[in-house]
Amino acid sequence: SRCPSERFYYLDFIWLQSDEWYSRILIERTETMRVRIIEPLPVIASKRKRVCAYARVSSASDAQGESLENQTTHYRNLIESNPDHEYIGVFADQGITGTKDERPEFQRMLGLARAGKLDLILTKSISRFARNTTIVLEAVREMKELNVEVFFEKEQISSSSADGELMLTILSAFAQEESKTVSENI
C-alpha cells in the first residue's frame, strides 16, 4: 500500500504459525531501492471461552436419571470438542423442580459466574433452566450484567441477542404454565 509520500510503499507480512507476528516493511523507491524493516507487532491470541452447561430433571426416577446422564454426556462432549471452549463442568440437579431457585447445582453454577469464572452457560431448553418466568429473567439479567452469555439450545436463543429477553419472557411463561398444568393434572 502507498504511504502518504509518493516515495514509500508498505508491504504487509502476516505470519501465523507457532510464532505469531505481524510485520510491515517500508520500501523507499530510490535508484538503489532501500528496504527498512519495521519491528513486528504481536498478534493478540483470542481467549478461549470458559463454558459450562446446566442440566435438570424434575424426578429421581431411573428413566429421568438416564436423561440427566445423557444431557451431562452430551454437553461434556460438545464443550470439549470445541477448541474455542474451555470445559468448566456440567451442573446437574436431579429430582428438583424448576419452579424454585433453591437448586444446589444451579446455585453453584451462578456462584462461579459471580466469581468471574464463566463466559457461557449452555442448557437444553428454557424449561430445563427454570420453570418460573421470574427466575429465568432474573438469572439471565444477572448473567448479562456479569458478561456471561446463556444459550438455550432447543429454542436457539442467546441472552446476548437483541431479541433474546423478549423471547425468553414469552417462552418461560409457557414453561411455567406447562408446569402448573402438569401439577394440576396429577
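First, a word on scope: everything that follows refers to the structure included in this document. Just so you know, these numbers come straight off a predicted model, no measurement behind them.

## Things to note about the side chain of serine 158
Turning to its location among the elements, serine 158 is positioned in strand S8 (residues 157–158). On the basis of relative accessible area, serine 158 is assigned to the buried category, the value being 11%. In terms of polar contacts, serine 158 uses its side chain to reach the side chain of glutamate 149, at 2.5 Å. Contact partners of serine 158, with chain neighbours within four places excluded, come to Glu149, Val150, Phe151 and Gly164.

## Focus on the environment of methionine 167
Within the fold, methionine 167 resides in helix H5 (residues 164–185). Sequence-wise, methionine 167 and isoleucine 157 are 10 residues apart; in three dimensions their C-alpha atoms are separated by 7.6 Å.

## Considerations on the pattern of salt bridges
Tallied over the full model, the rule gives five salt bridges. In this structure, the salt-bridge partner of glutamate 149 is lysine 49, at a minimum N-O distance of 3.5 Å. Taken together, the residues span a long stretch of sequence, with glutamate 149 in strand S7 (residues 149–152) and lysine 49 in strand S4 (residues 49–57) at a distance of 100 residues. A salt bridge links glutamate 105 to arginine 108; the shortest N-O distance between them is 3.1 Å. With glutamate 105 and arginine 108 both in helix H2 (residues 104–114) and three residues apart, the pair spans about one turn of that helix. Looking at arginine 108, the relative accessible area reads 46%, which means it is partly exposed.

## Section: the pairing of strand S6 (residues 120–123)
Neither face of S6 is exposed, since Leu120 and Leu122 on one face and Ile121 and Thr123 on the opposite face are all buried. When S4 meets S6, the two strands line up parallel, connected through four bridges. Its bridge partner being in S6, alanine 53 is matched across the sheet by leucine 122. Here S6 pairs with S7 via four bridges, running parallel. Considered in S7, the bridge of leucine 122 is made with phenylalanine 151.

## Considerations on the sheet that holds S4
Spatially, S5-S4-S6-S7-S8 is the arrangement adopted by the five strands of the open sheet, whose pairing is mixed. Each edge of the open sheet is held by one strand with a lone partner, namely strand S5 (85–94) and S8. In the sheet, S4 pairs with S5 via nine bridges, with the strands oriented parallel. Its bridge partner being in S5, alanine 55 is matched across the sheet by alanine 92. Along the sheet face, H2 touches S4, S5 and S6 and points at about 150 degrees away from the line of S5.

Each value, and the rule that gives it
Residues numbered from 1 in each chain as written. Predicted model: local features only at pLDDT ≥ 70, side-chain atom pairs only at ≥ 80, totals over all residues. Heavy atoms only, no water. Helix = DSSP H or I, 4+ residues; strand = E, 2+ residues; numbered from the N terminus. Buried < 20%, exposed > 50% of the residue type's maximum accessible area, 1.4 Å probe, protein only. Polar contact = N/O pair within 3.5 Å; in protein donor to acceptor, adjacent residues only side chain to side chain. Contact = heavy atoms within 4.5 Å. Salt bridge = Lys/Arg side-chain N within 4 Å of Asp/Glu carboxyl O. Pairing = 2+ DSSP bridges. Axes fitted to C-alpha atoms, helices over the stretch in contact; angles between N-to-C directions.

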